[in-house]
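Chains, contacts and geometry: an overview
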Amino acid sequence: MSRVHILATGGTIAGTAPSPVDPGYRSGGLGVSALIDGVHGLRSVATLTGEQFSQVGSQDMNDSLWLTLAARVNALFTANEADGIVITHGTDTAEETGFFLHLVVKSQRPVVLTGSMRPATSLSPDGPLNLFNAVSVAADPQARGRGAIVAINDDLHSARDVTKSSTTDVQTFVSPGAGLLGTASYGRIRYFRHPTHPHTGDSEFSVESEVALPRVDILYAHANMPADLVRASASLGAQGIVIAGVGNGNVPTEVAQALADVASSGVIVVRSSRVSSGDVGRNIELDDDGLGLVASDQLNPQKSRVLLQLCLARGLQRGHIQDAFYRY
Ligand SMILES: NC(=O)C[C@H](N)C(=O)O
């Protein structure tokens, strides 16, 4: 049997509510042993080990936890202590953690994130089957070389492509444009494709757990967006700013001017979009060449932030950062 190590970080999958029908609950309370014991037949899928990495709602995931998590995953694989790793994680920021690991884990072995939308004590929890499927993927040699995978609600997504689309629906994860990586049905796994962009061993990015990631802020654009938010972000020390732009990464004219000003002083500005699908191209309505801006291409604002942090940590300049947004 394959050896699967579960790193539990918290989230609703480990959440508890006062009653089975109470929509209010607390994330992350249940420990990793309770999660494993709560899934019928899980120990017949793989030789399991568990580790309590953190116990947070994923709204409290942060750069420092990411760095430690990536270091732990790399160490487990380097020491050949696991054939695959499952990370139980809150759904709110699973796409960011997943993309981060997709770019900095240096192994072909599967890293599979899963979570749930309903707490473990719910009348009808979705966590147990999600964990069963995630462990099945992590135990599967065919999952190798596919980067970080989000396994949830019977679907397998590439961590690069997946995003959360509903605040409450169990069917919340979608991969707009790219589509599913595969499916999982009670541990029976089907793959449709490999990830289309470089990851893990083919990614140029790696991290040291003791080196902090650069500050990158996300600013949300809207009608009447004030330009001084851009200056505030730069003066607070942001080395990068990601704009969740309107439409094709657009911003009001005054904001565009403020972005050009901070860009000329060395802040890297990436234009992404608050719209949930479609690319953000260069020089469409805004003159990126003249303003000194980077277009996010296919990455949403939260994933753009991850890639920009890694680019800045690597010391890449603007032109190379634009290339990285096309490449990854
Ligand atoms: N469904 C969930 O997991 C939501 C929770 N707030 C979290 O991300 O931890």
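Predicted model only: the values in this text are computed from it and were never measured.

Regarding the site of the ligand
Taken together, G11, T12, Y25, S27, G57, S58, Q59, G90, T91, D92, S116 and M117 form the complete shell of residues around the ligand. Between T12 and the ligand, the recorded distance is 2.9 Å, taken from a side-chain N or O atom to an oxygen atom. S116 places a main-chain nitrogen or oxygen 2.9 Å from a nitrogen atom of the ligand. Here the ligand, which alone exposes 270 Å², has 94% of that area covered by the protein.

Points about the packing of helix 2 (residues 63-78) against helix 3 (residues 94-104)
Where helix 2 contacts helix 3, the axes come no closer than 10 Å and their chain directions differ by 45°. When the axis of helix 2 is compared with that of helix 3, the two are oblique. For the element pair helix 2 and helix 3, the recorded crossing hand is right-handed. When helix 2 is examined against helix 3, the residues W66, L67, L69, A70 and N74 are found in contact with a partner set consisting of E96, T97, F100, L101 and V104. By residue class, the composition of the contact of helix 2 with helix 3 is seven nonpolar, two polar and one charged.

Some remarks on the UniProt feature "domain: Asparaginase/glutaminase C-terminal" (unreviewed entry) in the protein
The residues that UniProt annotates with the feature "domain: Asparaginase/glutaminase C-terminal" (unreviewed entry) are residues 215-325. Helix makes up 41% of residues 215-325 and strand makes up 17%, while its end C-alpha atoms are separated by 18 Å.

Notes on unusual backbone geometry
Phi is positive for D154, which is not a glycine, with a value near 70°. For D154, a relative accessible area of 33% gives the class partly exposed. Phi at N224 is positive, roughly 70°, even though this residue is not glycine. Considering the arrangement of structural elements, one finds N224 in the loop between strand 11 (216-220) and helix 5 (228-235). Overall, N224 belongs to the exposed group, its relative accessible area being 73%.

Each value, and the rule that gives it
Residues numbered from 1 in each chain as written. Predicted model: local features only at pLDDT ≥ 70, side-chain atom pairs only at ≥ 80, totals over all residues. Heavy atoms only, no water. Near = heavy atom within 4 Å. Polar contact = N/O pair within 3.5 Å; in protein donor to acceptor, adjacent residues only side chain to side chain. Areas by Shrake-Rupley, 256 points an atom, 1.4 Å probe, with all protein chains shown as cover. Axes fitted to C-alpha atoms, helices over the stretch in contact; angles between N-to-C directions. Helix = DSSP H or I, 4+ residues; strand = E, 2+ residues; numbered from the N terminus. Parallel < 35°, antiparallel > 145°, perpendicular 65-115°, else oblique. Left-handed = near helix turned anticlockwise from the far one by under 90°. Contact = heavy atoms within 4.5 Å. Nonpolar A, V, L, I, M, F, W, Y, C, P; charged D, E, K, R; others polar. UniProt positions renumbered as here; feature names shortened; annotations may be inferred. Buried < 20%, exposed > 50% of the residue type's maximum accessible area, 1.4 Å probe, protein only.

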